[in-house]
Each structure stands twice: as C-alpha cells, then as structure tokens.
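Here's the letter readout for the chains.
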Amino acid sequence: MISFLYTVVFLALQSVTETQGPPPPARDGDPEGPNLPIDDNLWILLVAGLMFGIYILYKRNQVMNRAASGS
C-alpha cells in the first residue's frame with residue numbers, strides 16, 4: 001500500500017513539472033547558448049574526478065604492496 005501511495009505521489013509531481021518544458025533554444029547571435037548550471041564550474045568537476053582517480057590508484061597500490069610483502 002505504501003509503495004502504491006509513493007508511486008501516485010511521484011506521478012502527480014511529474015505531471016506538474018512536465019508542463020514547464022525545456023529551456024529555450026539559443027539564438028543565432030548567442031555564442032554561448034543556454035547557460036546551464038554545469039557550464040559554469042566544469043573545471044571543479046574535472047579536478048575532483050582527477051583527485052578521486054589518484055586516490056583509487058593509491059589505495060590499489062597499497063593493497064598490492066601489502067599482498068606482495070605478506071607472501
């Protein structure tokens with residue numbers, strides 16, 4: 001019963017937001033196009049991804065070194 005109510009609530013919310021529509025298309029003279037939120041600080045996302053990749057490689061290297069020294 002709870003899952004049914006959950007589904008009905010989200011379907012009702014979806015139908016309300018559906019009428020808003022997408023942002024307007026860019027004009028011919030507008031070189032930037034629509035200003036979407038991710039366009040402003042994309043470099044932060046790239047730096048965070050690079051740091052996370054380095055962290056994963058570092059942790060994997062530590063695990064491999066412990067396994068090699070334990071043998």
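Since the structure is predicted, the reported quantities are computational estimates derived from the model, not experimental observations.

Thresholds, definitions, all that
- Residues numbered from 1 in each chain as written.
- Predicted model: local features only at pLDDT ≥ 70, side-chain atom pairs only at ≥ 80, totals over all residues.
- Heavy atoms only, no water.
- Helix = DSSP H or I, 4+ residues; strand = E, 2+ residues; numbered from the N terminus.
- Buried < 20%, exposed > 50% of the residue type's maximum accessible area, 1.4 Å probe, protein only.
- Areas by Shrake-Rupley, 256 points an atom, 1.4 Å probe, with all protein chains shown as cover.
- Patch = residues over 30% accessible without salt bridge, like charges linked within 9 Å, V, L, I, M, F, W, Y side chains within 5 Å.
- Salt bridge = Lys/Arg side-chain N within 4 Å of Asp/Glu carboxyl O.
- pLDDT = per-residue confidence, 0-100.

### Section: the overall build of the chain
On a plain count of helices and strands, the chain comes out with three helices and zero strands. Reading the chain from its N terminus to its C terminus gives the helix and strand order α-α-α. Relative to its full complement of 71 residues, the chain shows a buried share of 1%. Here the chain has roughly 7000 Å² of accessible surface; of this, 67% comes from carbon and sulfur atoms.

### With respect to a nonpolar patch on the surface
A surface patch of nonpolar side chains, about 460 Å² in accessible area, is lined by Met1, Phe4, Leu5 and Val8. In this structure, Val8 sits in helix α1 (residues 2-18).

### Digging into the confidence of the model for the chain
Counting all residues, the mean pLDDT for the chain is 78, and 69% of those residues have values of 70 or more. Of all helices and strands in the chain, the one with the weakest mean pLDDT is helix α2 (residues 37-40) (67), whereas helix α3 (residues 42-70) scores best (90).

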